[in-house]
Amino acid sequence: MTNHHHSEISLHVNGMAHRLDVDNRTTLLDALREDIGHTGPKKGCDHGQCGACTVLLDGRRIVSCLTLAVAAEGADVTTVEGLTGDGELLPLQRAFIRFDGFQCGYCTSGQLCSAIGMLAEHAAGWPSAVTTDVTPDGPAPVLDAAEVRERMSGNLCRCGAYPSIVRAVLETEAGR
Amino acid sequence: MKEFAYQRATDVRDALAACSGGARYLAGGTNLVDLMKEGAEAPTRLIDVRRLPLDGISEAADGGLVIGAMTTNSDLAAHLEVRRRYPALSQAVLAGASGQLRNMATVGGNLLQRTRCAYFATQKCNKRVPGSGCPAIAGVHHNHAILGWTPSCVATHASDMAVAMAAFDAVVRYETLNGPGEIPLAEFYLPVGDTPHLETALPPGGLITAVILPERAASPRSRYRKVRERASYAFATVSIAAGLDLEGSVRIALGGVASRPWRCRTAEAFLVDHPGCFRAAAEAELSAAEPLSGNGYKVPLARNLIEIVLKELQP
Amino acid sequence: MKAVGVAQPRIEGPAKVTGAARYAADIPIEGLAFGAVVLATVSRGRIREIDVGAVCDLPGVLGVIHHRNAPRLNPKAGGFFGPDGQLQLLQDEVIPFAGRPVALVVAETFEQAQAAAHALPVTYDEEPHDTGFTADHPAGRPASTIFDGPVDVADVEAELAASSVVVEERYRTPEEHHSAMEPHSATAWWDGERLEAIDSNQGPFVIAATLATLFSLSLEKVRIRTEHVGGGFGSKGLCGPQLILAAMGAQRFGRPVRVTLTRTQVFLTTAMRPATDQRIRIGADADGRLRAIWHESAFEISPLVEYIEGCTELTKTLYAARAIRTRLTAVPLDILPPYSMRGPGAAPGSFALESAMDELAERLGIDPLELRLRNEPATGPVSGLPFSSRNLVECLREGARRFGWGTRDHRPRLRREGSVLVGTGLAATSFSAGAFPSSATITAEADATFTVAIGATDLGTGARTALTAIAADALEVATERIRLRISDSDLGPAWSAGGSRGTTSWAWAITEAAEKLRGQEWRGTVTIDTTQSLGGLADRERHAYSAVFAEVTADPATGEVRVRRLLGMFAVGRVVNPLLARSQVIGGMIGGLSMALHEEGMRDPVTGRHVNADFAGYHIAAHADVPDIEADFVPGHEPGIPGGMKGAGEIGNVGTAAAIVNAVWHATGVRQRSLPIRLDRVLE
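Calculation rules
- Residues numbered from 1 in each chain as written.
- Chains lettered and ligands numbered in written order.
- Predicted model: local features only at pLDDT ≥ 70, side-chain atom pairs only at ≥ 80, totals over all residues.
- Helix = DSSP H or I, 4+ residues; strand = E, 2+ residues; numbered from the N terminus.
- Rg over C-alpha atoms; globule rule 2.2 N^0.38 Å.
- Buried ≥ 20, exposed ≤ 12 C-beta atoms within 10 Å, placed from the backbone.
- Contact = placed C-beta atoms within 7 Å.
- Core = buried A, V, L, I, M, F, W, Y, C linked by C-beta atoms within 7 Å.
- Pairing = 2+ DSSP bridges.
- Axes fitted to C-alpha atoms, helices over the stretch in contact; angles between N-to-C directions.
- Expected span 1.5 Å × (residues − 1).
- Left-handed = near helix turned anticlockwise from the far one by under 90°.
- Nonpolar A, V, L, I, M, F, W, Y, C, P; charged D, E, K, R; others polar.

**Brief notes about the overall build of chain A**
Within chain A one finds five helices and five strands. Helices and strands in chain A line up, N terminus first, as β-β-α-β-β-β-α-α-α-α. A compact globule built from 176 residues should have a C-alpha radius of gyration of about 16 Å, and chain A, at 17 Å, falls within 12% of that. Principal axes of the C-alpha set define a box for chain A whose edges measure 55 × 35 × 30 Å. Looking at the 176 residues of chain A, the share that counts as buried comes to 65%. In chain A, 57% of the contacts between residues at least 6 apart in sequence involve partners at least 24 apart.

Shown next, in the form of structure tokens:
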């Protein structure tokens, strides 16, 4: 079928290659959920205003609701389903369970993917909006609760699991 | 969202050639895709320029920095030389959106983002349908402009990044089919006038390729402060980028107060004659403010911010 | 080996951290079609024309359902407040509020359905609307008296006249939105004569009963399942538009239809907490003993369906006062019908009452903590009934001790740290407790496990984990031997997750069923219904209690207010699972923080339309707004209720806003009598 409103794309999702024929309008979120069947990423707002759809795209956290699937052609995507790899829960996932870092769970996959992306960003030395001194000659920002809160603010949670999420992230980081 | 064709540009030339009629460039998509879902943007074709080799930050001939248009907001904020020479720019970018959105959004796209005026996103207004009126003036305008607006439009520009760039005399570099060009950021955003739908001086079909930060504007002592209705992940009510450049000049720009980043030339000039008179300088700048019934608080807020941040920057 | 009282992580934890937990919009269905809803854009009027022809040839479009071709619905359908006009979707051309669904477009894919819904031309004959809420609106009339009816105890005017100090102030709260992270979604299909649906809601049985009435089906012909629900906070207590429209779509197109509301549609067409405008007069003697409380509250409603925002409920029970008068006024407007939102009535009501108490303490020169302790009632101040259990004093005293309240200088605006002013505040509060009838079935299985079936739902409350523990103790086995089945209307009548009565109602049924199974020597199957035993519950003042303490900073130069510390002591009877209960009350406190600082639905003064119907415009607290929060429970056991429990779902939310507002006064010296505490209200 030749239809210039559709495109053939390939996506590598959680280590698996997928070839899809997508409507150009399809977001990466909808492609993951409806075409590939990974419903872990959630549609909380569909406008980049809540973070529930966060996935890792080529290793960086992004909101999949504002990413067109066609524009992600060839990318490596990691969803919450792909975090475990060999089936063993990550320390961060275990900490979320232990500290009760969720209630309804709808924002959880986004919080987890975001936290993993965030920790990598911090490890790379990126400052945040609450880093007192962003100049590179200052001390590297220490990941305290205020840093985690600011860096995770793109992930809303209405149940109010924020303090437990922050604790889970900090404990995981401390245990590394 | 209406159906559209999609094509990935292979190089800048290819992109420029493809961008005609109802086509739009797609980079990070954080604003364009958002608005397409609401119907506020309805391109018939998207030219994906995200993977063009226009990313990265390099030294300019004069010693300033050349920031590739496809550099992500995250990479801009994390860049060592940006943080060293223009820390307020790094802070401004970090104050915007969320970690996820900053990883997607590009420098070029950030400059071209549309207003977050709720009326623009959800219904007719002069920006969408010229002549249809500005519902915000008689409506909810709690977070609308106090400077430079006209009865045609009272929307603000939402970028934090552009506020810092305005303070640093950034220059926008672009390509067209007729060749390259440059526009100082101060002239990049058009006055509102009675044509609020015409937002920038970028020629039709033009593609932003870079933003240049001049060496003379480097301000290791600079700061971005953003006040908003929640502690993070919200657009500015009022923000300020201010710095002391290497020549000792004070640079000030405000965000959240106008249809473009508001460079405070009046306050800057006042301070040349009256060094240290921050509050008076702020008041001189804001004497031009014309708040509406619901956003008058922005005048004292902007005044206070100018005073507070300049005091902090004092050697 | 008791399971109740032990801090246990959620049973579904592994499923929720791996993405395996499925919510309503996640469940794959063969042959699915997507429905997109079109909402009215005028606040009052009539549909002139819907030009279906303009979209029916768009790619993938199966058709459009609107008022001219929709199935007729039974107008008697309703809920707690009687027949509900909000359920009568696509029945006529009348537009009672902006956001009313006017059409459902069904297409093969989500993108096609959305595109066609956006493209569908709908024209209206607009009529003058009124969305401007004020307490003295001429349309105001006494609210329904199903609960929180007016009371007059003694002579309020005389007691006020005799008081040494009188506080008389008005407090206002705006429209607030539940904002559960999961947008309402339903997938419906017809299995022969039977209507099946997977729907995000707070009680599948109640929803199924409503849906059956709406479509004139017998209850056996409707089955609603939920599994995981992404939060509700009251907004999923009703038979939602997503479900009604999905059922219509499935009927018309003969295939499964999924309707998921967009975030904006959740704001515009599900539910909200109404704006309130409250006037409080409190009179006291010089020693702080209350002579009179006069609490009048007005709130907005829609003519489509009755509703009560019971702001004065806790005024009738919290403090001893010689005279008490309460009045509720409902103001019908052309707005989205309001409905219970976490801490209904009590959240805005306690903001007003506990702000007024703080103002009284200030004028009396008495410690706000002491003022509350001095007015502790011996029996219900209005009802005269004994309290089933009342431990507000313990909450206040223990909270004060942990917070360090004792060293507080009660004068305002004395503490400055750099650019910010610092202050502390407290609030006391209560929320009614109890249980509603439910049924449960327990089957002793051959493998020595027990299947416990009850029409409960877990919105994130921890119900799955709590009920498993309750069942294990009742059946005297380890939790591994309990197979809990919930979230299915076929499991029999059950109360919804709401009114802080989910867990108590369900636990009661499970406990009673287990008792009966014990009588059968743990063999066979039993089904019980608690309607009768609930009737035997003694008439008491029955409430959960809390004391909330807050420390805030306020920057007068920018108006920024931040909550630096938040501590809550709670009395919720016996705590089933301390880990999960703590999460729940902390979540409630964050809701209260969000109410205090951020949340405000705004309407265009010209069109009456909601202008900030998304998460960029309607702010809920984000990570950065929320400090570490301390919450704990005072020991308790609620008499009369199996397990000694009281609900914990709403009490966390109530009181927090007032504690923060009082702390902001302590910091700045300025009273904030309108929520939220926006920048412009603090800026100097």
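**A look at the overall build of chain B**
Scanning chain B from terminus to terminus reveals 14 helices and 12 strands. Scaling as 2.2 N^0.38, a compact globule of 315 residues should have a C-alpha radius of gyration of about 20 Å, and chain B matches this with 19 Å. The dimensions of chain B, computed from C-alpha atoms along their principal axes, are 55 × 50 × 35 Å. Of the contacts made within chain B by residues no fewer than 6 positions apart, 63% connect residues no fewer than 24 positions apart.

**Points about the nonpolar core**
Residue and element names in this part refer to chain C. In terms of nonpolar packing, the biggest core is built from 405 residues, with Val105, Ile454, Ala471 and Ile510 touching the most fellow members. Ranked by the residues each element gives to this core, the list is headed by helix H13 (residues 578-597), at 10 residues. Every residue in contact with Ile454, bar those within four places of it in the chain, is listed here: Ser438, Ala440, Leu467, Ile486, Leu491, Ala494, Trp506, Ala509 and Ile510.

**So, the environment of Ala115(A)**
Residue and element names in this part refer to chain A. Structurally, Ala115 can be placed in helix H3 (residues 108-123). C-alpha of Ala115 to C-alpha of Met152: the two residues are 37 residues apart in sequence and 6.9 Å apart in space. With near-sequence residues (within four places) excluded, Ala115 lies in contact with Leu92, Met152 and Val169.

**Some words on the interface of chain B and chain C**
Listed as interface residues are 24 residues of chain B and, on the opposing side, 27 residues of chain C. It is helix H14 (residues 298-313) of chain B that contributes the most residues to the side of chain B that touches chain C, five residues altogether.

**Here's the deal with the sheet that holds strand E1 (residues 5-8) of chain B**
Residue and element names in this part refer to chain B. Strand order in this open sheet of three strands is E1-E3-E2, and the pairing throughout is parallel. Where the open sheet ends on each side, the last strands, each with one partner, are E1 and strand E2 (23-26). Ignoring strand direction, the axes of neighbouring strands in this sheet form an average angle of 25 degrees. In this structure, E1 lies alongside strand E3 (residues 45-48), joined through four bridges in parallel fashion. Across the sheet, residue Ala5 finds its bridge partner in E3, namely Arg45.

**Section: the interface of chain C and chain A**
Opposite the 47 residues of chain C that make contact, chain A presents 50 residues. Contributing elements (two or more residues each) for the side of chain C that touches chain A: helix H1 (13-18), helix H2 (110-119) and H13 of chain C. Looking at the side of chain C that touches chain A, the element that brings in the most residues is H13(C), giving nine residues.

**Here's the deal with helix H14 (residues 656-668) of chain C**
Since one α-helical turn is 3.6 residues long, residues separated by three or four positions face the same way. Residues and elements named next belong to chain C. Helix length check: H14, at 13 residues, gives a terminal C-alpha distance of 18 Å against a target of 18 Å (1.5 Å per residue), a fit within 8%. Of all 13 residues making up H14, 13 are buried, and the element is well covered by its neighbours. Immediately beyond the C-terminal end of H14, within one or two residues, lies Gly669, with a positive phi of roughly 80 degrees.

**Here we look at the packing of helix H13 (residues 278-286) of chain B against H14(B)**
Residue and element names in this part refer to chain B. Where H13 contacts H14, the two axes come as close as 9 Å, and the packing angle between them is 145 degrees. The two elements H13 and H14 cross, and the hand of that crossing is right-handed. Side by side, H13 and H14 meet where Phe278, Arg279, Ala281, Ala282, Glu283, Glu285 and Leu286 of the first sit next to Val299, Ala302, Arg303, Ile306, Glu307, Leu310 and Lys311 of the second. Of the residues belonging to the contact of H13 with H14, the class tally is eight nonpolar, no polar and six charged.

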